[in-house]
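# Secondary and tertiary structure notes
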Amino acid sequence: MTRDIHLTLIGKPGCHLCDDAREVVQGVIAEFEATDAGVAPVLEEQSILDDPALADRYAEEIPVLLVDGEMHAYWRIDAERLKQALRAG
């Protein structure tokens, strides 16, 4: 049985760290999809420019990655750490 894990990447357009984080997250998702690890990561992206509450909370930390609504990482996303979190999820 596959379980969904909800990933939320919070950033903004034109942010090179956000672009780097997106690539890492998408690469990890692709790896899980290819191996059918029983985990189905689902990615949602949100921009701090579209939500004042997100801007107030995360403006100095973007990119921010939440895993099932919990803070996982900010500024830089480590692929191995994310894989471990998804397996443990």
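What this report covers is the structure whose coordinates are included nearby. Remember, it's a predicted structure, so these values are computed and weren't measured experimentally.

## Focus: the sheet that holds strand β4 (residues 70–74)
With mixed pairing, the four strands of this open sheet are ordered in space as β2-β1-β3-β4. Of all strands in the sheet, those bounded by a partner on one side alone are β2 (39–47) and β4. The sheet shows a mean angle of 25 degrees between the axes of neighbouring strands, taken without regard to direction. Two strands pair when backbone bridges link them, and strand β1 (residues 3–11) and β2 are joined in this way by nine bridges, in the parallel orientation. By the bridge assignment for β2, aspartate 4 is matched with alanine 40. Here helix α1 (residues 16–35) sits on the sheet in contact with β1, β2 and β3 (64–67), set at roughly 160 degrees to β2.

## Overview of the state of the cysteines
Following the criterion strictly, the structure yields one disulfide and no others. Note on cysteine connectivity: cysteine 15 is disulfide-linked to cysteine 18, with sulfurs 2.5 Å apart. On the sign convention where negative is left-handed, the bridge of cysteine 15 and cysteine 18, at about 75 degrees about the S-S bond, is right-handed. Residue classification places cysteine 15 among the buried residues on the basis of a relative accessible area of 11%. Residue class for cysteine 18 comes out buried when judged on its relative accessible area of 3%.

## Overview of unusual backbone geometry
The step from isoleucine 62 to proline 63 runs through a cis peptide bond, and the omega angle for that step is -5 degrees. Positionally, proline 63 belongs in the loop between α2 (52–58) and β3. One non-glycine residue, aspartate 68, lies in positive phi territory at about 50 degrees. Its location among the elements puts aspartate 68 in the loop between β3 and β4. What makes aspartate 68 partly exposed here is its relative accessible area of 44%. One non-glycine residue, tryptophan 75, lies in positive phi territory at about 70 degrees. Within the secondary structure, tryptophan 75 is located in the loop between β4 and α3 (79–88).

Reading guide: rules and limits
The residue numbering used here restarts from 1 in each chain and proceeds along that chain's sequence as written. Note on the predicted model: pLDDT of at least 70 is required for a residue's local features to be given, and 80 or more for side-chain atom pairs to be given and counted; whole-chain, interface and lining totals, by contrast, use all residues. Side-chain numbers come from the whole structure's heavy atoms, not from hydrogens or water. Criterion used throughout: strands pair if DSSP finds at least two bridges between them. Where helices and strands are cited, they refer to DSSP runs of H or I of at least four residues and of E of at least two residues respectively, numbered from the N terminus. Angular values range over 0 to 180 degrees, each being the angle between N-to-C directions of two axes fitted as lines to C-alpha atoms, with helices fitted over their stretch in contact. Residue contacts are counted whenever heavy atoms from the two residues lie within 4.5 Å of one another. For this text, the term disulfide refers to a pair of cysteine sulfurs within 2.5 Å. Burial status follows relative accessibility: with a 1.4 Å probe on protein chains alone, a residue under 20% of its type maximum counts as buried, one over 50% as exposed, and anything between as partly exposed.

Any functional reading would require information that these geometric values do not contain.
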